[in-house]
Amino acid sequence: MDSLPPPAAFLPTAPYDPHHDPLRDPHPGQGRAYAPSYWVATAGPPPADDGPLAGETDTDVAVIGSGFTGLACALFLARDHGITATVLEANTVAWGCSTRNGGQGQNASGRLSRAQWIARWGQETALALHAEILEGFELFTDLTRELDCEPQPGGHLYIAHRRRNLEKLRADSDLANRIFGYGTRILPREEVWRDFVHDAEAVGALHEPLGMGVQPAKLAFGYLRAARGAGARIHPGSPVLEIREEAECFLLRTPGGLLRARAVAIATGGYTGQKLHPRLRSRIMPILSNNMVTRPLTDSEIAATGFRTRQVITDTRTLRYYYRLLPDNRLQIGSRAAITGADAANPAHRAVLDDGLARKFPALAGIAADHSWWGWVDVSHDMMPRIVQPEAGRNLFYAMGYGGNGVSYSAQAGRRLAALAAGRPLPQRLPIFQGELPRHPFAPFRRLGQRALYRLYHRRDEAPDA
Ligand SMILES: Cc1cc2nc3c(=O)[nH]c(=O)nc-3n(C[C@H](O)[C@H](O)[C@H](O)COP(=O)(O)OP(=O)(O)OC[C@H]3O[C@@H](n4cnc5c(N)ncnc54)[C@H](O)[C@@H]3O)c2cc1C
């Protein structure tokens, strides 16, 4: 008897499109190659998948999008609920944010601070939210042990780039410790330079005990293996072109197939097209972020930059820099980028990273970057994510809006999304499990607003201390 060929990974059928723009394109393409990230270049060959959807198929739960959220949802549908899900991905598996991010797992979700949670919802709800996000960080930590993804544990260093920002960090640290029992520490500049890193801009820092760097493409590939191992089917090269609702089910149309599902879980993050589903139109503000990875630093460069930590690091700019030293001594750094996909490759945006690196580490001015790329972050209009069933009685669910803090929390969000799709209520009534992502009131003009805000933030971020 002939043996079956070994299962293989999907081979892209279209080149990477550097100009993709979720506010312009109806979907992220079909069968496109990965963005040229350092992570994909060094993760090894992608694991086997189930190839593009072909013909008519039935499934219990259809998951749209194969980033961390979609894959975690499929994994936990199988592990916790015995449900075999079918994941539809437009391009290669985990093609969106999940293979492009900075790999900074933080004890966070959304962009609001703990003080802002209290101001918005009161202390009791803020404490419950803290517990939820902490549980998510613990789940993420367990998964980094299970899935091969080069974890860099130890915490998160939040560097004040101006004295006025250090004052704010002091207040944040006091609140985190007093109300949430979180064990953060404020470090004077001398300690930052002596024990962590010689970032020339640092005037001090907040250190939080939880934080973990990962190799995100390896993590995504680990999720893919685990989800398929648990029984899920993962179909790359299968953009969902239409979601139609019938009396008892949903029909999802892709270029090559039709999937009939009892429930639909949407996990398309910053790559959510405006036409994917009317409920999601104008609810996410996709924001570009640039990343680069240098060549490996020499011993003398490591001495000059004073790196004594591999922990994840961010600074206090609103348009923040995030960086860390990777296991092979390359430096990864990311920050803001273009506003539109059409302008994404403009060298002026990459220069923001070069400038930041040179200011923080003069010894690295002009260092070659071996890899650079960008991706669309899913920012919500109230700066917090939602994991919700928007309409009672309709088996349609979504999880998105982490605002650049989804590497760790997407594990928990995927598990919560799986529970919703399995028909289980979520354990507590939190704001992120209720209502819907708010719509932008002036959606067609939001990029004009973004341009103005970027100018304001830049002026504010770079202003010297009084
Ligand atoms: C440059 C960058 C840096 C970041 N850095 C960090 C960081 O350091 N720390 C952190 O916590 N977070 C960071 N993030 C955010 C983080 O990557 C995400 O929150 C996380 O990966 C979860 O993503 P996701 O699974 O929700 O969505 P994604 O990984 O974006 O997956 C969504 C998928 O849906 C697919 N899709 C969209 N429409 C369709 C359709 N119609 N049919 C089929 N498939 C579709 C897309 O192709 C895509 O693959 C960063 C993001 C970017 C872009």
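Residues numbered from 1 in each chain as written. Predicted model: local features only at pLDDT ≥ 70, side-chain atom pairs only at ≥ 80, totals over all residues. Heavy atoms only, no water.

## Here we look at a nonpolar patch on the surface
Taken together, the side chains of Phe 442, Phe 445 and Leu 448 define a hydrophobic patch exposed on the protein surface, amounting to about 370 Å² of accessible area. With respect to the element layout, Leu 448 can be found in helix α11 (residues 446–462). (Patch = residues over 30% accessible without salt bridge, like charges linked within 9 Å, V, L, I, M, F, W, Y side chains within 5 Å. Areas by Shrake-Rupley, 256 points an atom, 1.4 Å probe, with all protein chains shown as cover. Salt bridge = Lys/Arg side-chain N within 4 Å of Asp/Glu carboxyl O. Helix = DSSP H or I, 4+ residues; strand = E, 2+ residues; numbered from the N terminus.)

## Re the site of the ligand
Taken together, the neighbourhood of the ligand is formed by 38 residues, with Thr 69, Glu 89, Ser 98, Val 240 and Val 407 sitting nearest. In this structure, Gly 404 approaches the ligand through a main-chain N or O atom, which is 3.0 Å from a nitrogen atom. Considered on its own, the ligand offers 1000 Å² of accessible surface; in the complex 98% of this is hidden by protein. No other element matches the 3 residues that strand β16 (residues 369–380) contributes to the shell around the ligand. (Near = heavy atom within 4 Å. Polar contact = N/O pair within 3.5 Å; in protein donor to acceptor, adjacent residues only side chain to side chain.)

## Examining the packing of helix α3 (residues 114–121) against helix α4 (residues 123–146)
Where α3 contacts α4, the axes come no closer than 7 Å and their chain directions differ by 135 degrees. Compared by their axis directions, α3 and α4 come out oblique. Like other packed secondary-structure pairs, α3 and α4 cross with a definite hand, here right-handed. Side by side, α3 and α4 meet where Arg 114, Trp 117, Ile 118 and Trp 121 of the first sit next to Gln 123, Thr 125, Ala 126, Leu 129, His 130 and Ile 133 of the second. Class assignment for the residues of the contact of α3 with α4 results in 6 nonpolar, 3 polar and 1 charged. (Axes fitted to C-alpha atoms, helices over the stretch in contact; angles between N-to-C directions. Parallel < 35°, antiparallel > 145°, perpendicular 65-115°, else oblique. Left-handed = near helix turned anticlockwise from the far one by under 90°. Contact = heavy atoms within 4.5 Å. Nonpolar A, V, L, I, M, F, W, Y, C, P; charged D, E, K, R; others polar.)

## Looking at the pairing of strand β9 (residues 242–245)
In this structure, β9 lies alongside strand β10 (residues 250–253), joined through 4 bridges in antiparallel fashion. Paired with Glu 242 across the bridge in β10 is Arg 253. Counted along the chain from β9 to the antiparallel partner β10, the turn is 4 residues long. (Pairing = 2+ DSSP bridges.)

## What to know about the sheet that holds strand β14 (residues 322–325)
Strand pairing in a sheet takes place through backbone hydrogen bonds and is either antiparallel or parallel in direction. Across the sheet, 8 strands lie side by side as β5-β6-β4-β13-β14-β15-β12-β16; this open sheet has mixed pairing. If you trace the sheet from one side to the other, it starts and ends with β5 (185–188) and β16, each paired once. Averaged over all pairs of adjacent strands, the angle between their axes in this sheet comes to 20 degrees, without regard to strand direction. Pairing geometry for strand β4 (residues 156–160) and strand β6 (residues 204–208), over 5 bridges, is antiparallel.

## Considerations on the packing of aromatic side chains
Under the defined criterion, the tally for this structure stands at 11 aromatic pairs. Plain terms: the ring middles of Phe 307 and Tyr 323 are 6.3 Å apart, the flat faces sit at 85 degrees to each other, and that makes the pair edge-to-face. In this pair, Phe 307 is assigned in the loop between α8 (299–305) and β13 (312–315) and Tyr 323 in strand β14, connecting sequence segments 16 residues apart. Like Tyr 323, Phe 307 is buried. (Phe/Tyr/Trp six-rings, centres within 6.5 Å; stacked < 30°, edge-to-face > 60°. Buried < 20%, exposed > 50% of the residue type's maximum accessible area, 1.4 Å probe, protein only.)

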